[in-house]
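# Architecture at a glance
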Amino acid sequence: MEGPSGGLVRMSGTHAAGGFWTRYVFSRDHKVIGIQYILTAMAMGLVGGALAAWIRVQLAWPGSAGISPEQYPSLVTMHGTLMIFFVVSLALVSGLGNIIIPLQVGARDMAYPFLNMLSFWTVLPACPLMLASFFVPGGAAAAGWTAYPPLSALKGAIPGSGWGQSLWLLAMALFIASFTMGGLNFVATIFNLRARGLTMMRLPLACWTYLVSSILGLLSFPALTAAAIMLLLDRHAGTSFFVPSGVVIAGQVQAHQGGTPLLFQHLFWFLGHPEVYVLVLPALGIAFDVIAAFSRRPPHGYRITVWSLIVVAVLGMVVWGHHMFTSGMNPYLGKYFSVVTLLITLPFAAIGVNLVASLWRARLRWTPAMLWALGLISAVGTGGLGGVYLGNATADLHFHDSYFVVGHFHFMIGMVTLFGTFAGIFYWFPKLTGRLMNERLGRLHFWLTSLPMFALFFLMHLQGLRGMMRRYYEFSQDYVAPVLWLQPVLTVLAFVVFASQALFLINFFRSPFRGESAGPNPWNATTLEWTTPSPAPHGNWPDETPSAWRGPYEYSRNGNESDFELQSAPAAPGVLPSKR
Amino acid sequence: MGFMESIDLSPGEESRIRADANQTLVAILMAMAAMLFAAFTASYAIRRTSADWIPVPFPSLLWLNTALLIASSGTLELARDRPVHARRWLRATLALGLAFAAGQILAWTELAAAGAFSPGNPHRAFFLLLTAVHGAHLVGAFLACGAALGRSRSERLGPCAAWWHFVGALWVYVVIVLRFF
Ligand code: HEM
Ligand SMILES: [Cu+2]
């Protein structure tokens, strides 16, 4: 592609024509890489979903699914691992982040396109590695997605502790490397490649959430890296960082001594809790952008939202102990973790209130993207309420490791993140393909996914209150009898959810060819990505990249809903800051 | 092909923004490394309270190594100060860094020969762990400053120097932890 010559306009050679391979396979174009991530996540999502379905069959009709008690923990572990790291992280963060960020900041690509490509090709081999672990001796890792030692540290502890756990660690190492490269790129791009006039306070909220989420992820993953290195040494070099003295396996006292498994839990959750925000925050940012476009109003309280995001991130790094109330800790420490956990609800509530207030008295446009964003608000609210109960150390003694927790975290990292992903895909699809996704199919998909999901995970709370524990193969205790009849109901709901994903897949793969064509700005939205043709070309803008003359959400400026002003629309002279 | 092509720029702006982005990158990498070593330190602090903690003698070679690394930071600053002789001082820096690395490997093999990874001695395990992870960060410093040498662009030395000094400071920190705690 030849860019116009002269002045400030330089078109890169990076994305110049090139053959099929450099364009679509080893591409450095952030949009292609973003799509590659999303396709990868979809494939892994099918596996992760199938595992959930399989688990649910066992739970509803014990023994009929062909799962042995030894295999069950493997399935749960792999379902959780795949969903968190290989579905939601890849689709929502790496995938949509790649697509959105350069376009919204008005850059031709990421700050480091080669690193970006490398990041994708690092995580891709991790997928077959992770899946291969089902077929190795002993089967897949079974220590939970949290990989607690000693199950994860002693190769002979349970069948999945051998080969399966080794592959798990290897695949996770690749994932962490990839996610780190991606995060560095996001931050450098948002900090340093913003268009002229695009000050931080003119940044769309989606970009803000990706920025905060990336920094948070980059600063918390090192704790897991440290833990993983020590775990590897414990497994393969005979050290004993995490393995206590006197562990007996098959009648044999192990040589390891003096280590402490609690240390691993601390290191793991130092990442684990922030990781939830790494996933949830971008979903919230997408919801803000989508809701602004379809309520035709600026989101309520932009500045408060930005500051709340920052506070959430900072507090998010010091609350990890709330996952360990029952692991044993000094009661004063427990009190501390309770208090900061409850504190974090304040900035979250501010964000939630701003989301809801953005809707107040607006005339809504019920596109599928908007439906997902609204569903997201409801999931954040419900899931967040559950969190308030769990954050109380005393109450958590009862709730811990029960289906109350399973219900709670599926609301947050299951529903909120997926809803945000679907909202984002519907919303930015035309920018990538030049065509709209089918609205009717989209709405059907929304209702058939969101309602059963809501019921499914809400009812799990009730089972948890009755004492049903997570990661159990079968329930025969008297005290859970009153909620056992729910099991088949939940399984049927889960199957409705899975089946309805077919609607999404059809819509996603048909619309690039059959969809209604979209102009550059099908939603009459305001941010910079809507200033370029759809699909956005290699290099994002066919000629000059845009400048930002105003804030990101100039909707209904004079109370007139058809009024909106693109961020790039020049204002009166002198308004454009020369700063990037 | 970096991000130069990623945004429309006048040539002057271009190199300034490239430098800014590199600065961002290095700043975050430093924060990440700090978090990594904080995690190791916390583990160290917890693990050392157990009964099987037997401090290993601190190899005196490491004091020499420390001096070499500090000196290398000095020569790197000289390289930045004197653009005319930048390449010479940069070479001296890399040589000092290599000497440090060689010394580290020497001390490392000695410890490993003594059975460092035997289950019974967590302090020795931390010794090897921390020096090895620090070594991995040093490799990054070599790559960054080696690349700068290749291009002989002393104005590009900022991020590479920041990382080099950081790795030096990190080493001093590791020495303090291992020797005095
Ligand atoms: C309709 C979809 C889903 C269903 C029916 C489902 C079902 C389940 C069930 C029943 C369990 C608990 C099994 C047990 O403890 O015995 C579980 C665990 C889990 N799920 Fe899901 N899930 C779904 C989607 C997701 C999604 C989208 C995520 C996203 C991040 C996710 C993340 C997890 C995690 C992290 C665990 C815990 C794994 C562990 O205990 O190590 N799930 N899921
Ligand atoms: Cu948490």
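Because the structure is a prediction, the values reported are computed rather than measured.

## Considerations on the overall build of chain B
Within chain B, the regular secondary structure consists of 5 helices and 0 strands. Secondary structure elements of chain B occur, N-terminal to C-terminal, as α-α-α-α-α. Pairs at least 24 residues apart make up 76% of the contacts formed inside chain B by residues separated by at least 6 positions. Accessible area for chain B stands at about 8000 Å²; split by element, carbon and sulfur atoms hold 69% of it.

## Section: the coordination of the iron atom of ligand 1
All names here are of chain A. For the iron atom of ligand 1, the full set of protein donor atoms is His-79 (NE2) and His-410 (NE2), at a range of 2.0 Å. Around the iron atom of ligand 1, the 6 donor atoms sit at angles spanning 86 to 179 degrees, and that spread fits a shape best called octahedral. In this pair, His-79 is assigned in helix α3 (residues 72-105) and His-410 in helix α13 (residues 403-433), connecting sequence segments 331 residues apart.

## Topic: the packing of aromatic side chains
All names here are of chain A. Throughout the structure, instances matching the rule amount to 54 aromatic pairs over all chains. Ring geometry for Phe-20 and Trp-21: centres 6.1 Å apart, planes at 85 degrees, overall edge-to-face. When its relative accessible area of 53% is taken as the criterion, Phe-20 is described as exposed. With a centroid separation of 5.0 Å and 20 degrees between ring planes, the pair formed by Phe-175 and Phe-179 is classed as stacked.

## Observations concerning the state of the cysteines
All names here are of chain B. Per the counting criterion, the structure on display carries 1 disulfide over all chains. The residue that forms a disulfide with Cys-145 is Cys-160, at a sulfur-sulfur distance of 2.4 Å. Taking the torsion about the S-S bond as the criterion, the Cys-145 to Cys-160 disulfide, at about 95 degrees, is right-handed. With Cys-145 in helix α4 (residues 122-151) and Cys-160 in helix α5 (residues 157-180), the pair connects residues that are 15 residues apart, well separated along the chain. For the residue pair Cys-145 and Cys-160, the accessibility class agrees, reading buried in each case.

## A look at the packing of helix α2 (residues 61-81) of chain B against helix α3 (residues 86-113) of chain B
Residue and element names in this part refer to chain B. Across the interface, α2 lies against α3 with an axial gap of 8 Å and an inter-helix angle of 165 degrees. Regarding the angle of α2 to α3, the classification is roughly antiparallel. The hand of the α2/α3 crossing is left-handed. Among the residues making up the contact of α2 with α3, the classes are represented as 17 nonpolar, 7 polar and no charged.

## Let's talk about the environment of A:Pro204
Residues and elements named next belong to chain A. Topologically, Pro-204 is positioned in the loop between α6 (163-192) and α7 (205-236). Residue classification places Pro-204 among the buried residues on the basis of a relative accessible area of 0%. The spatial distance from the C-alpha of Pro-204 to the C-alpha of Phe-288 is 8.8 Å, given a sequence separation of 84 residues. Those residues in contact with Pro-204 that sit more than four places away from it in its chain are Gln-104, Asp-289, Thr-527, Pro-552, Tyr-553 and Gln-567.

## Observations concerning helix α9 (residues 302-316) of chain A
In this model, α9(A) (15 residues) spans 21 Å end to end at C-alpha, consistent with the 21 Å of a helix rising 1.5 Å per residue. Against the buried residues of α9(A) lie α7, α8 (261-295) and α10 (331-357) of chain A.

## Digging into the environment of A:Asp563
Residue and element names in this part refer to chain A. Examined against the element boundaries, Asp-563 turns out to sit in the loop between β3 (554-555) and β4 (564-565). Under the relative-accessibility criterion, Asp-563 is labelled partly exposed at 23%. For the pair Asp-563 and Asn-524, spaced 39 residues apart in sequence, the C-alpha to C-alpha distance is 9.2 Å. Setting aside residues up to four positions removed in sequence, Asp-563 forms contacts with Glu-554, Tyr-555, Ser-556, Arg-557 and Asn-558.

## Points about the nonpolar core
Residues and elements named next belong to chain A. Ranked by internal contacts, the top residues of the largest apolar core, which has 231 residues, are Phe-86, Phe-175, Trp-208 and Tyr-427. Top element by residues in this core is α8. It accounts for 22 residues. Discounting chain neighbours no more than four positions away, the residues touching Phe-175 are Phe-85, Phe-86, Ser-89, Leu-90, Val-123 and Phe-221.

## Examining the confidence of the model for chain B
Residues and elements named next belong to chain B. Looking at chain B, pLDDT values average 86 and 88% of them are 70 or higher. Across residues 1-6, where pLDDT falls below 50, the model places 28 contacts with residues more than four positions away in sequence or in other chains. On the interface metric, ipTM, the complex scores 0.92, and its pTM is 0.94.

Thresholds, definitions, all that
Residues numbered from 1 in each chain as written. Chains lettered and ligands numbered in written order. Predicted model: local features only at pLDDT ≥ 70, side-chain atom pairs only at ≥ 80, totals over all residues. Heavy atoms only, no water. Helix = DSSP H or I, 4+ residues; strand = E, 2+ residues; numbered from the N terminus. Contact = heavy atoms within 4.5 Å. Areas by Shrake-Rupley, 256 points an atom, 1.4 Å probe, with all protein chains shown as cover. Donors = N, O, S within 2.8 Å, 3.2 Å for Na, K, Ca; no water. Tetrahedral: all angles 85-135°; square planar, octahedral: opposite > 155°, others 65-115°. Phe/Tyr/Trp six-rings, centres within 6.5 Å; stacked < 30°, edge-to-face > 60°. Buried < 20%, exposed > 50% of the residue type's maximum accessible area, 1.4 Å probe, protein only. Disulfide = S-S within 2.5 Å. Axes fitted to C-alpha atoms, helices over the stretch in contact; angles between N-to-C directions. Parallel < 35°, antiparallel > 145°, perpendicular 65-115°, else oblique. Left-handed = near helix turned anticlockwise from the far one by under 90°. Nonpolar A, V, L, I, M, F, W, Y, C, P; charged D, E, K, R; others polar. Expected span 1.5 Å × (residues − 1). Core = buried A, V, L, I, M, F, W, Y, C linked by side-chain atoms within 4.5 Å. pLDDT = per-residue confidence, 0-100.

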